[in-house]
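Structural description and commentary
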Amino acid sequence: MKDLFKLQGKVAVVTGGSRGIGAMIARGFVQSGVKTYITARRADELQATADELSRIGECIAVPGNLAESEGVAAFAKEIAARESKVDILINNAGASWGAPLDEFPESGWDKVMDLNVKSVFFLTQALLSQLRASGTAEDPARVVNIGSINGLSYAPLQNYSYTASKAAVHHLTRQLAVDLASSNVNVNAIAPGFFPSKMTAHLLEHEAEMAKAIPRGRIGTPEDAAGTAIYLCSRASAFVTGHILVLDGGQDVSG
């Protein structure tokens, strides 16, 4: 029982790992002894995060643009050249777009769907051989997709493609979980509420006010994000697959 949450020696890939929830999860993995690859489009920012995390463990930056199919293929090829097995894949890279309903552009729809949904499916597909090589009946490989509470219920912000994309991620998670169960690959999703990130930076000036709407009375912290990911990727959750773990301090159920 004492090793239920042990991750030491595993290999993880975290997309969108340079900042926000991705960087929070990457830090938790590195501190837990996981060899962690992070990727993002901006190479300088990505390398800065990798350099910081390398002070406490093993973190490798591999820049890539997952919004394009060529970028997904190139990134997967680079990982395959370095690792024959991947124990953990965190599909976190994402984008948002806000505009009034009457003015919402097709470009804002396509950009978000390509990164938030399409890349999740095709990167998982591209790394399947490494995930299958890692998983066992006792300790499956893990895919964790980052969804959102905005994909669970009505969101007041006018980010239509974002909410639709996260609902799609949740259902894709369930579909993949059943299809990959026999391959010893568990697939789950985390649906975060309000966490500090570039995507929510414009709301942080209202943090105190927003926290009042959260039953726990605060926004999410790095420990919350990392701890949830560690649970879903450790032996403790080996019998959990196809589920959406809501991480929002009770916000969604409070209405």
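Here, the structure is the one placed above.
Fair warning: this is a prediction, and the values are worked out from it, not measured in the lab. (Residues numbered from 1 in each chain as written. Predicted model: local features only at pLDDT ≥ 70, side-chain atom pairs only at ≥ 80, totals over all residues. Heavy atoms only, no water.)

What to know about the nonpolar core
Residues Ile 25, Phe 29, Ile 38, Ile 90, Val 144, Ile 190 and Cys 233 are the most contacted members of the largest nonpolar core, which totals 29 residues. Residue assignment for this core shows that the elements contributing at least two residues are strand 1 (11-15), helix 1 (20-31), helix 2 (43-53), strand 3 (59-61), strand 4 (88-91), strand 5 (141-146) and helix 8 (222-233). For this core, the element with the highest residue contribution is helix 1, accounting for 6 residues. Setting aside its immediate chain neighbours within four residues, Cys 233 contacts Leu 7, Lys 10, Phe 29, Ile 88, Ile 90, Arg 142 and Val 144. (Core = buried A, V, L, I, M, F, W, Y, C linked by side-chain atoms within 4.5 Å. Buried < 20%, exposed > 50% of the residue type's maximum accessible area, 1.4 Å probe, protein only. Helix = DSSP H or I, 4+ residues; strand = E, 2+ residues; numbered from the N terminus. Contact = heavy atoms within 4.5 Å.)

Points about unusual backbone geometry
It is generally the case that most residues other than glycine have a negative phi and that most peptide bonds are trans. Here the phi dihedral of Asn 184 falls at roughly 60°; this positive angle occurs in a residue that is not glycine. Along the chain, the position of Asn 184 falls in the loop between helix 6 (160-180) and strand 6 (185-192).

Comments concerning the side chain of Glu 83
With respect to the secondary-structure elements, Glu 83 resides in the loop between helix 3 (69-82) and strand 4. In this structure Glu 83 comes out as buried when scored by relative accessible area, which is 10%. There is a polar contact of 2.6 Å between the side chain of Glu 83 and the side chain of Lys 35. Setting aside anything within four residues of it in sequence, one finds Glu 83 in contact with Val 11, Lys 35, Tyr 37 and Gln 130. (Polar contact = N/O pair within 3.5 Å; in protein donor to acceptor, adjacent residues only side chain to side chain.)

Things to note about the sheet that holds strand 4
With respect to topology, 7 strands assemble into an open sheet ordered 3-2-1-4-5-6-7, the strand pairing being parallel. With partners counted over all chains shown, the strands left at the sheet margins are strand 3 and strand 7 (244-247), one partner each. Taking each pair of neighbouring strands and ignoring which way they run, the sheet shows an average axis angle of 20°. With 5 bridges joining them, strand 1 and strand 2 (residues 35-39) adopt parallel strand pairing. In the strand pairing of strand 2, Val 11 is matched with Lys 35. Each of strand 2 and strand 3 touches helix 2; the most contacted strand, strand 3, lies at about 165° to it. The strands touched by helix 6 within the sheet are strand 5, strand 6 and strand 7, with strand 6 carrying the most contacts at an inclination of about 160°. (Pairing = 2+ DSSP bridges. Axes fitted to C-alpha atoms, helices over the stretch in contact; angles between N-to-C directions.)

Points about the pattern of salt bridges
Inspection of every chain in the model, using the stated rule, returns 8 salt bridges. Of the charged contacts, one joins Asp 139 and Arg 142 as a salt bridge, the two residues approaching to 2.9 Å between their closest N and O atoms. Under the relative-accessibility criterion, Arg 142 is labelled buried at 1%. Measuring nitrogen to oxygen at the nearest pair gives 2.8 Å for the salt bridge that ties Arg 218 to Asp 224. For Arg 218, a relative accessible area of 37% corresponds to the partly exposed category. Look at Asp 224 and you get partly exposed, because its relative accessible area is 21%. Here the residues in one salt-bridge network are Lys 10, Asp 139 and Arg 142, joined through shared partners. (Salt bridge = Lys/Arg side-chain N within 4 Å of Asp/Glu carboxyl O.)

Some points on the packing of aromatic side chains
For any pair of aromatic rings, the description rests on two quantities: the centre-to-centre distance and the angle between the ring planes. Going through the model one piece at a time under the given rule, you end up with 2 aromatic pairs. With 5.7 Å between their ring centres and 80° between their planes, Phe 104 and Tyr 160 make a pair best called edge-to-face. Separated by 56 residues along the polypeptide, Phe 104 in the loop between strand 4 and helix 4 (106-126) and Tyr 160 in helix 6 bring together distant segments of the chain. Phe 104 sits in the buried class, given a relative accessible area of 17%. Relative to Phe 122, the ring of Phe 121 lies with its centre 4.9 Å away and its plane at 90°, an arrangement referred to as edge-to-face. Relative accessible area serves as the criterion here: at 32%, Phe 121 is assigned to the partly exposed category. (Phe/Tyr/Trp six-rings, centres within 6.5 Å; stacked < 30°, edge-to-face > 60°.)

Coordinates in, geometry out; function isn't part of it.
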